[in-house]
Amino acid sequence: MTSEAADAQPSGIGRRRAAAQGEGRTAYTERRQEIITAAAGLFKTHGFRGTSIGQIAEALGTDRATLYYYIGSKEELFDEVVTDAVRANVARAGAIRDGEGTAPDKLRRLVTQLMDSYAASYPFLYVFIQENLSHVSERRSEWSQQMRALNKTYEDCVVAIIEAGVAEGTIRPVAEPWVLAYGLIGMVGWTNRWFNPEKSAVDAATIGRAYADVLLDGLRAPD
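Just so we're clear, the structure is a prediction, and the values are computed from it rather than from any experiment.

**Examining the environment of asparagine 192**
- When you line up the elements, asparagine 192 lands in the loop between α10 (177–189) and α11 (204–219).
- Exposure remark for asparagine 192: the relative accessible area of 7% places this residue in the buried category.
- Counting along the chain gives 64 residues from asparagine 192 to phenylalanine 128, while the straight-line C-alpha distance between them is 9.9 Å.
- For asparagine 192, the contacting residues outside a window of four places in its chain are Lys44, Tyr126, Ile129 and Gln130.
- A distance of 2.8 Å separates a polar atom in the side chain of asparagine 192 from the backbone oxygen of glycine 189.

**As for the pattern of salt bridges**
- Under the counting rule described, the total for this entry stands at seven salt bridges.
- Where glutamate 34 meets arginine 31, a salt bridge forms, and the shortest distance between an N and an O atom there is 2.7 Å. Pair noted here: glutamate 34 and arginine 31 are both in helix α3 (residues 26–46), with a separation of three residues, about one helical turn.
- Arginine 31 gets classed as partly exposed once you look at its relative accessible area, which sits at 23%.
- The closest approach of N and O atoms between arginine 32 and glutamate 76, which form a salt bridge, is 3.7 Å. Linking arginine 32 in helix α3 with glutamate 76 in helix α6 (residues 74–98), this pair joins segments that are 44 residues apart in sequence.
- Since its relative accessible area comes to 9%, arginine 32 is described here as buried.
- What makes glutamate 76 partly exposed here is its relative accessible area of 31%.
- Each of Arg32, Glu76 and Glu80 takes part in one network of salt bridges that share partners.

Reading guide: rules and limits
Note that residues are indexed from 1 along each chain, following the sequence as it is written. The predicted origin of the model limits local features to residues at a pLDDT of at least 70 and limits the giving and counting of side-chain atom pairs to 80 or more, whereas totals for whole chains, interfaces and linings rest on all residues. Heavy atoms from the whole structure form the basis of all side-chain values; hydrogens and water molecules are not counted. By definition, any uninterrupted DSSP run of H or I lasting at least four residues is a helix, any uninterrupted run of E lasting at least two residues is a strand, and each is numbered from the N terminus. Accessible area is worked out with a 1.4 Å probe on protein chains only. A residue is then buried under 20% of its type maximum, exposed over 50%, and partly exposed in between. Should any heavy atoms of two residues lie within 4.5 Å, those residues are considered in contact. Here a polar contact means two N or O atoms within 3.5 Å. Within protein one must be a hydrogen donor candidate and the other an acceptor candidate, and residues neighboring in sequence count only if both atoms are side-chain atoms. Just to be clear on terms, a salt bridge is a Lys or Arg side-chain nitrogen sitting within 4 Å of an Asp or Glu carboxyl oxygen.

Structure representation (C-alpha cells):
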C-alpha cells in the first residue's frame, strides 16, 4: 500500500465522511467542491500522477488529515468526477443518435454538446484525455476498464450517426465511418491543449459551432 493510500484510511474518518455525504450537509458539500476545484487546477498543471494529496492540501491551506474527511484519495475524487461527466456525455450521444433529424443535424448537436461538456467539467475531462488508461494502478484497473467501455460506446454512437448519414445520402463517404468519427472526436478533444473557459476570449458554444461548421462543410453531401 502506498503512503497516500495508507493515509487515506485513518480510523473513523471514512465512516464520518460517508455519514456527512449521506446527510447532504451544505457546508460539507461546499467545502468538497472547493477541494475538487483546487485539485482540478493542480491536475491540469502537473498531471494526475504528478499531483499529490499534500499539494492539494497545501493549495487549500489545510493539512492532509483534514482533507481526508472530504475525500478518500485523489483517485477517488478524480474518478468520481470524470465518470459522472463521461456517463453524461455517453447518454447525450445516445439520445442524439436515436433522436430526430438528419445525420448532419445530429453531428452538429454532438459537436456542440461535447465542447460544452469540456467547459462545464473543466479541466477534468481534459486531464482524462491526457491520461494513459493502460498505465493506471492495479487498484484502478476496474475503473479503467469501465472508462474504456464508455469511450467505446461514445465512439459507436458517432460511427452509427455517420453510417446512417452515408446510407441516407446526407454524408459523403469520404472515408470509413470510424475514421471520420475519430477525426470528429479528436478535433474537439484537441482543445485540451489551449482552451480554458475562465480565460478564453471565445466561449465553448462559439467554438463548438465553428467546429461543427468546419466538419459539416466537409462531410455534408450536396443537396
